[in-house]
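# Per-entry structural report
Listed below are the residues making up each chain.
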Amino acid sequence: MSTTLAVRENTHERAKSRTMKALVFKGPNNLHLEQREIPRPGYGEAVIRVTLTTICGTDIHILKGEYPVRPGLIIGHEAVGVIHELGPGIRGYEVGDRVLVGAITPCGQCNFCLSGNSSQCGGAIGGWKLGNTINGVQAEYALIPHAQANMAKIPDLLTDDQVVLLADIASTGFSASESARVKIGDSVAVFAAGPIGLCAIAGAKLSGASRVFAVDSNPNRLSQAFHMGADDTIDFTRVDPVKEILALTDGRGVDVAIEALGKSETFESALRVLRPGGVLSSLGVYSGKLAIPLEPFAAGLGDHKIVTTLCPGGKERMRRLIELILHNRVDLTPLLTHEFPLDRITEAYELFGNQRDGVLKVAVRVGA
Ligand SMILES: [Zn+2]
Ligand SMILES: [Zn+2]
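Ordered by their spatial adjacency, six strands build an open sheet running E11-E10-E9-E12-E13-E14, and the pairing between neighbours is parallel. The sheet is open, and its two edges are formed by strand E11 (232–235) and strand E14 (305–308), each paired on a single side. On average, adjacent strands in this sheet sit at an angle of 20° to one another, irrespective of strand direction. Sitting on the sheet, helix H9 (residues 241–248) is in contact with strand E9 (187–191), strand E10 (211–216), E11 and strand E12 (254–259), with an inclination near 165° to E10.

With that out of the way, let us pick up the packing of helix H7 (residues 195–206) against helix H8 (residues 219–227). At a closest axis distance of 9 Å, the pairing of H7 and H8 adopts a crossing angle of 25°. With respect to H8, the axis of H7 lies roughly parallel. As H7 packs across H8, the resulting crossing turns out to be right-handed. Between H7 and H8, the contacting residues are Pro 195, Leu 198 and Ile 201 on the first element and Arg 221, Gln 224 and Ala 225 on the second. The residue makeup of the contact of H7 with H8, split by class, is four nonpolar, one polar and one charged.

Let's shift gears to the coordination of the zinc ion (ligand 1). For the zinc ion (ligand 1), every protein donor is listed as Cys 56 (SG), His 77 (NE2) and Asp 168 (OD), and the spread of their distances is 1.8 to 2.1 Å. All donors of the zinc ion (ligand 1) belong to a single chain; written as a sequence motif, their spacing is C-x20-H-x90-D. With His 77 in the loop between strand E4 (73–74) and strand E5 (79–86) and Asp 168 in the loop between helix H5 (160–163) and helix H6 (169–179), the pair connects residues that are 91 residues apart, well separated along the chain. Here His 77 matches Asp 168 in class, with each residue buried.

What follows deals with the coordination of the zinc ion (ligand 2). As a benchmark, a tetrahedral metal site with four donors has ideal angles of 109.5 degrees, while an octahedral site with six donors has ideal angles of 90 or 180 degrees. Binding of the zinc ion (ligand 2) to the protein goes through Cys 107 (SG), Cys 110 (SG), Cys 113 (SG) and Cys 121 (SG), at separations of 2.3 to 2.4 Å. Every donor counted, the four donor atoms about the zinc ion (ligand 2) form angles of 102 to 115° at the centre, which fits tetrahedral coordination. Along the chain, the residues donating to the zinc ion (ligand 2) fall in the pattern C-x2-C-x2-C-x7-C. Both residues of the pair, Cys 110 and Cys 113, count as buried.

Right, let's talk about the packing of H6 against H7 for a bit. The interhelical angle for the contact between H6 and H7, taken along N-to-C directions, is 50°, at an axis separation of 7 Å. In terms of their interaxial angle, H6 and H7 are classed as oblique. As for how H6 packs across H7, the hand of that crossing is right-handed. Of the residues in H7, those touching H6 at Ile 169, Ala 170, Thr 172, Gly 173, Phe 174 and Ser 177 are Pro 195, Ile 196, Cys 199, Ala 200, Ala 202, Gly 203, Ala 204 and Leu 206. Class assignment of the residues belonging to the contact of H6 with H7 gives a composition of ten nonpolar, four polar and no charged.

Grouped together as the largest cluster of nonpolar side chains are 46 residues, with contacts concentrated most on Leu 166, Ile 201, Leu 332 and Leu 335. Mapped onto this core, the elements with two or more residues apiece are H6, E9, H7, E10, E12 and helix H11 (315–326). Broken down by element, this core gets its largest block of residues, six residues, from H7. Among all residues touching Leu 332, those that are not within four sequence positions of it are Leu 165, Leu 166, Ala 170, Cys 199, Met 228 and Ile 325. Ile 48, Leu 130, Phe 352 and Val 359 belong to the second-largest nonpolar core, a separate cluster that totals 40 residues.

Tracing the backbone shows Glu 34 in strand E2 (residues 30–37). Taking the relative accessible area as the measure of exposure, Glu 34 reaches 19% and is therefore buried.

Reading across the sheet, the three strands line up as E2-E1-E4 and stay open at both edges, with antiparallel pairing between neighbours. For this open sheet the edge positions go to E2 and E4, each flanked by a neighbour on one side alone. As paired elements, strand E1 (residues 19–27) and E4 share two bridges and run antiparallel to each other. Residue Phe 25 lies in a different strand from E4, and its bridge partner there is Leu 73.

In this section: H6. Across the eleven residues of H6, nine count as buried, placing the element largely inside the fold. Taken as a whole, H6 has its buried residues at Ile 169, Ala 170, Ser 171, Thr 172, Gly 173, Phe 174, Ser 175, Ala 176 and Ser 177. If you follow the buried residues of H6, they end up packed against H7, E12, strand E13 (274–282), H11 and strand E16 (361–365). Following H6 by one or two positions, Arg 181 adopts a phi angle in the positive range, close to 50°.

So, on to the pairing of E16. Among the five residues in E16, four count as buried, and that is most of the element. Bridge count for strand E15 (residues 336–341) against E16 is five bridges, and the pairing is parallel. Bridge assignment links Leu 336 to a residue of E16, and that residue is Lys 361. On the question of chirality, the crossover connecting E15 to the parallel E16 by way of helix H12 (residues 345–353) is right-handed.

Enumeration according to the criterion identifies two aromatic pairs in this entry. Taking the centre distance of 5.1 Å and the plane angle of 40° together, the rings of Tyr 67 and Trp 128 count as tilted. Pair noted here: Tyr 67 is in the loop between helix H2 (57–63) and E4 and Trp 128 is in the loop between helix H3 (111–114) and strand E7 (141–144), with a separation of 61 residues, a long-range link. When its relative accessible area of 25% is taken as the criterion, Tyr 67 is described as partly exposed. On the numbers, 5.8 Å between centres and 90° between planes, the contact of Phe 267 with Tyr 286 is edge-to-face. Of this pair, Phe 267 sits in helix H10 (residues 264–272) while Tyr 286 is found in the loop between E13 and E14, placing the two residues 19 residues apart along the sequence. Lying over the aromatic face of Tyr 93, Lys 153 brings its terminal NZ or CZ to 5.1 Å of the ring centre.

The rules behind these values
Residues numbered from 1 in each chain as written. Chains lettered and ligands numbered in written order. Predicted model: local features only at pLDDT ≥ 70, side-chain atom pairs only at ≥ 80, totals over all residues. Heavy atoms only, no water. Pairing = 2+ DSSP bridges. Helix = DSSP H or I, 4+ residues; strand = E, 2+ residues; numbered from the N terminus. Axes fitted to C-alpha atoms, helices over the stretch in contact; angles between N-to-C directions. Contact = heavy atoms within 4.5 Å. Parallel < 35°, antiparallel > 145°, perpendicular 65-115°, else oblique. Left-handed = near helix turned anticlockwise from the far one by under 90°. Nonpolar A, V, L, I, M, F, W, Y, C, P; charged D, E, K, R; others polar. Donors = N, O, S within 2.8 Å, 3.2 Å for Na, K, Ca; no water. Buried < 20%, exposed > 50% of the residue type's maximum accessible area, 1.4 Å probe, protein only. Tetrahedral: all angles 85-135°; square planar, octahedral: opposite > 155°, others 65-115°. Core = buried A, V, L, I, M, F, W, Y, C linked by side-chain atoms within 4.5 Å. Right-handed = clockwise from strand over helix to strand, strands pointing away. Phe/Tyr/Trp six-rings, centres within 6.5 Å; stacked < 30°, edge-to-face > 60°. Lys NZ or Arg CZ within 6 Å of the ring centre and 35° of its normal.

By themselves these figures say nothing about function.
Printed below as a string of structure tokens:
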């Protein structure tokens, strides 16, 4: 055995026996960075050394106790990393490969997956496992389930920052137009220009929309909406967005309205700007009740379609999204407005959770 190899293997062995830092949900409003055992992969699993992760709006719901997960769970579901260890049964990957893992990690083999609804793997919302039903990725290392179906190799030309947002918000945001089957020349209105709405705007453009309206009240977000491809930005605190969009479409309404906030009001506005036969594509996560006003819904006779989409995941989805970055169809790096090391991730939660300092998404660097 050569000395270099011996040294490398020793380092590897040491790494394997170490513990790691991980962000653990202890209970509502209580996240704690603590030491955990580095996971070991079982059959069909892999362990990645996380290099970059980010915080999602859903993580804030978990932190506040609005979305229940079990105390003791490591949270986080968006990860770029390097393969650290492969369990048996994984082919075509090697330790050291850089990979992107989607927020949704479907098995690829159950009835739901094979019916084309892999985000609903095994049952409702079942594709979302990381940081929900199993330990997540806001840690130095993370166990990836169904690894063969969920690790997308990252081309050397691309940085971690360029691809990390594909794991969740871009996959979700783009899916709004895909689920609505946006056609070349369609007009699209996007309600709310947070990180997912901004990606929905980019997705509408990628899908061939001729005109994209963005509705929000935050000037930073509206200007970012413009950079992501919106043609008209509408501040709902200054004008009634429904009247404005109807006026700008000569009373016709838009072909597709995307709801990217999860509020009954924006859902209703999305319906009110929709042309008869149009598609309301909903990305929001709602609570309480959703009301459908009958007049824009033509009392149920308007041929409207309402579609919902949970973030598409799996390695083929990630590969396709990586291709968009590789060939300069979209640049998501302007959405990474802030940066923290894993050691200061609770500060990152504080900033992101309170939407301070114009934050859109936070890059959390691990092991840097
Ligand atoms: Zn998320
Ligand atoms: Zn499945």
